[in-house]
Amino acid sequence: MAKGYKIKSSNRSTPEPTFSKVLEESSTSSLLSESVAEPADVQNSPSSTVCSASAESLTSPTNDHQQNHEHDQCRKVPILHHIIVERYEGDKSGDMFHGEGVAYFQGGHIYKGSFSHGLMHGHGEYIWSDGLKYQGDFKLSVPMGHGTYTWLDGSTYEGEVHKGVRHGVGVYKCAKTFTVYRGQWYLGKRQGQGVMYYNQAATSWYKGQWVNNCREGWGTRCYPSENVYEGQWRNSVRHGEGTMRWVQLDQQYSGQWVNGIQDGKGTHTWLRKRVPCSQYPRMNEYTGEFVQGQRHGQGQFFYASGAVYCGDWQRDKKHGQGRYTFENGRVYEGEFIKDCMAEFPAFTPGLNDSSNRASQSSTSSSPLGSDMVLNIQALLSRLPEAHRDQELKQVEYAVVRHIGLLREIYNFYSCLGHEQSSDKIFPLTHLQFSRFLMDCKVHQHGITVAQMDRLLNDEVHSPFAAILPRECISYIIIVAYHICHKDIESSNNILAACFSKLMRQNIIPNAKHVKGPLFCHPVHAAVAYNYSDRCWEIYQALCKASSIQSDTFLTARQFVWMLKDLYLYDSELTVSKVLEILSVDSPAICDGTYSNLDLEMSFLEFFEALLGCAEVKGQTDIESQIDTNHQEDTVLRSLQVCAACPAVLVH
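Residues numbered from 1 in each chain as written. Predicted model: local features only at pLDDT ≥ 70, side-chain atom pairs only at ≥ 80, totals over all residues. Heavy atoms only, no water.

Colleague: Explain the pairing of strand E13 (residues 214–222) to me, please; I cannot follow it from the model alone.
Modeller: The two faces of the sheet receive side chains in turn, since in a regular strand these alternate between them. In this sheet, E13 lies alongside strand E12 (residues 205–211) in antiparallel orientation, the contact comprising six bridges. When the sheet's bridge partners are listed, Tyr206 is paired in E13 with Arg221. Direction of pairing for E13 relative to strand E14 (residues 228–234): antiparallel, over a ladder of six bridges. Looking at E14, one finds that Trp218 is bridged to Gln232. In this structure, the hairpin formed by E13 and E14 is closed by a connection of five residues, where Glu226 is found at a positive phi of approximately 80°. (Pairing = 2+ DSSP bridges. Helix = DSSP H or I, 4+ residues; strand = E, 2+ residues; numbered from the N terminus.)

Colleague: Please clarify how the packing of helix H4 (residues 403–414) against helix H8 (residues 494–510) should be interpreted in this entry.
Modeller: How two helices sit against one another is set out by the angle between their axes and by the gap between those axes. With their axes 13 Å apart at the nearest point, H4 and H8 run at an angle of 50° to one another. Put simply, H4 runs oblique to H8. Taken as a pair, H4 and H8 cross one another with a handedness that is left-handed. Contacts between H4 and H8 involve Leu405, Leu406 and Ile409 from the former and Phe499, Met503, Ile507 and Ile508 from the latter. Tallied by class, residues from the contact of H4 with H8 come to seven nonpolar, no polar and no charged. (Axes fitted to C-alpha atoms, helices over the stretch in contact; angles between N-to-C directions. Parallel < 35°, antiparallel > 145°, perpendicular 65-115°, else oblique. Left-handed = near helix turned anticlockwise from the far one by under 90°. Contact = heavy atoms within 4.5 Å. Nonpolar A, V, L, I, M, F, W, Y, C, P; charged D, E, K, R; others polar.)

Colleague: Looking at this structure, I do not really get H8. What am I missing?
Modeller: Working note: α-helix, 3.6 residues per turn, so residues spaced by three or four point in the same direction. With 17 residues, H8 should reach 24 Å at 1.5 Å per residue; the first-to-last C-alpha distance of 23 Å fits that figure. Its axis deflected by about 45° at Met503, H8 carries its strongest bend there. Of all 17 residues that make up H8, 12 are buried, and the element is covered over most of its length. Within the span of H8, buried status applies to Ile494, Leu495, Ala496, Cys498, Phe499, Ser500, Lys501, Leu502, Met503, Asn506, Ile507 and Asn510. Elements in contact with the buried residues of H8: helix H2 (377–380), helix H3 (388–401), H4, helix H5 (430–439) and helix H7 (469–484). (Expected span 1.5 Å × (residues − 1). Bend = angle between axes of the 7 residues up to and from the residue. Buried < 20%, exposed > 50% of the residue type's maximum accessible area, 1.4 Å probe, protein only.)

Colleague: What am I meant to see in the environment of Lys441 here?
Modeller: For Lys441, the location among the structural elements is in the loop between H5 and helix H6 (449–456). For the pair Lys441 and Asp585, spaced 144 residues apart in sequence, the C-alpha separation works out to 8.2 Å. In this structure Lys441 touches Asn506 and Asn510, once residues within four positions along its chain are discounted.

Colleague: So what exactly am I meant to see when it comes to the packing of aromatic side chains here?
Modeller: For any pair of aromatic rings, the description consists of the separation of the ring centres together with the inter-plane angle of the planes. Per the counting criterion, the structure on display carries 42 aromatic pairs. A cation over an aromatic ring shows up here: Arg238 above the ring of Tyr229, its NZ or CZ 5.7 Å from the ring centre. Above the plane of the ring of Tyr286 lies Arg295, whose end atom (NZ or CZ) is 5.8 Å from the centre. (Phe/Tyr/Trp six-rings, centres within 6.5 Å; stacked < 30°, edge-to-face > 60°. Lys NZ or Arg CZ within 6 Å of the ring centre and 35° of its normal.)

Colleague: What is the right way to look at H4 in this model?
Modeller: Between its first and last C-alpha, H4 extends 16 Å over 12 residues, near the 16 Å set by a 1.5 Å rise per residue. Ile403, Leu406, Ile409, Tyr410, Asn411, Tyr413 and Ser414 are the residues of H4 that are buried. Where the residues of H4 are buried, they touch H3, strand E24 (428–429), H5, strand E25 (466–467), H7 and H8.

This is the structure:
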């Protein structure tokens with residue numbers, strides 16, 4: 001290969017040498033839509049007028065898709081075919097360049113590395129006259145394999161190269177904007193799985209699928225504001241199903257998106273910080289249809305106060321036919337016009353529910369307030385009609401005397417099983433309410449938790465369903481009546497007397513002293529809650545298998561049989577040990593001499609009995625409980641298998 005020799009190869013070009021601009025992406029803290037124009041990171045914050053359900057519009061312009069793709073275009077650079085060699089220094093084989101050498105090409109390009117039969121082949125370095133440098137593998141004079149491109153401004157690409165372009169897996173770093181992309185490439189473009197960091201601190205990034213240099217498919221975008229979107233993308237904008245979380249505003253939208261805007265069916269949630277001793281356990285939440293970022297069509301709005309609106313929406317306002325349930329349980333159903341009831345145009349439900357002007361016209365004043373109306377009509381119907389108003393009034397006064405403690409109890413038990421946090425709110429569930437009753441030993445008055453559950457609810461409910469504060473107090477009054485009414489001599493103010501007796505003898509001395517293996521330790525609760533949904537399914541299957549009645553509960557006898565059918569008894573977990581576990585909270589099942597295995601078990605008792613058995617199975621000695629969680633998994637996995645055929649579990 002002499003001076004003037006042309007190195008022949010296919011007509012291929014290198015990747016683009018510079019990224020002149022990079023996506024300058026950011027976000028606003030807006031409820032609306034993430035803007036990508038930095039540095040407007042906190043502008044256009046919405047006003048949270050969620051009381052009237054007329055919060056700031058969910059739409060805003062977005063520049064997410066208005067990218068400058070100049071850095072993604074391949075610029076024509078001196079290519080490696082038909083380049084004239086002006087001078088060569090190195091090894092030869094005959095007249096052919098062969099071995100290690102340096103070739104100086106016409107135009108100022110230089111190659112230093114391996115040659116084979118006159119072609120650049122193996123590892124080498126090629127420097128173009130404008131400063132672009134490639135170090136890596138060559139095959140037949142074409143960059144092919146693994147290599148590194150370095151541009152004059154310091155930008156680099158390191159990774160797989162195919163016929164001179166980025167193809168495969170590689171990392172691109174832009175020196176000017178500190179943008180970094182790590183992931184898959186296809187013919188010079190980002191395509192496949194990859195992560196893009198948009199700033200030096202790596203606080204703004206996208207991780208997910210790419211097509212033709214665009215975010216396309218499923219991915220997660222974290223903005224400099226710490227706001228996060230996870231879901232589907234099309235042409236670099238949010239499109240399809242996805243969830244957006246506005247961290248500083250404590251708001252979240254999960255649902256359908258069209259061209260970067262909420263459109264279709266979705267749920268928008270306004271998280272609320274807990275007020276000490278607040279009786280409002282729920283966050284504001286809208287579930288329904290959106291059009292161009294606004295609540296429009298059919299939807300439901302659940303207010304933190306407990307009020308609910310279900311009906312038509314138009315441009316973020318209640319408009320059309322709808323049903324509004326006040327926080328005190330009363331209902332208005334009819335036409336709404338621009339967020340107001342047509343019959344009460346001066347009243348905006350949700351904004352001034354606490355005054356409850358529309359419903360107070362037909363409601364006598366209550367010492368508990370309009371938002372704490374008791375639901376004890378079934379009890380009142382048992383009493384003479386002439387005494388009902390007086391009975392209701394007296395039991396309300398009795399509740400007022402203990403309202404502070406009752407709110408503390410509600411807040412305490414509603415937090416069981418959750419990480420402690422001052423800014424999170426949790427509604428009390430039926431499972432936690434059952435724990436409250438058992439802690440207060442209410443079930444030791446000749447009535448089981450399962451029987452109380454049947455008294456309080458007409459139909460089977462989920463143990464994870466929420467209970468509002470007014471419902472909780474109503475339940476306590478109902479339970480108090482069924483336990484204590486036979487012991488009250490006077491026939492006057494019997495409801496107040498029963499409630500006061502239960503408070504005095506059971507609730508005040510025992511509440512907030514948590515027992516049982518589920519909630520007594522936060523770690524136990526965190527592990528056990530992973531199995532709670534599945535165990536509820538198993539419990540329901542076992543109940544249905546034992547009887548044709550839909551409201552039948554599992555008995556202690558069936559629980560003992562179930563463990564036998566699962567071959568879980570051994571030298572450590574014996575029938576006697578199981579009876580001991582069952583009788584810790586429920587002495588009526590077994591007192592050491594006599595046993596009553598026909599007593600019904602609530603779901604809480606079933607769940608905690610499983611945990612107690614798992615603890616016994618996991619203990620190798622009294623000082624070591626390392627395998628408790630593993631054994632718990634074993635017990636519950638066995639139950640999951642057998643639940644598919646519940647008939648096997650019942651003799």
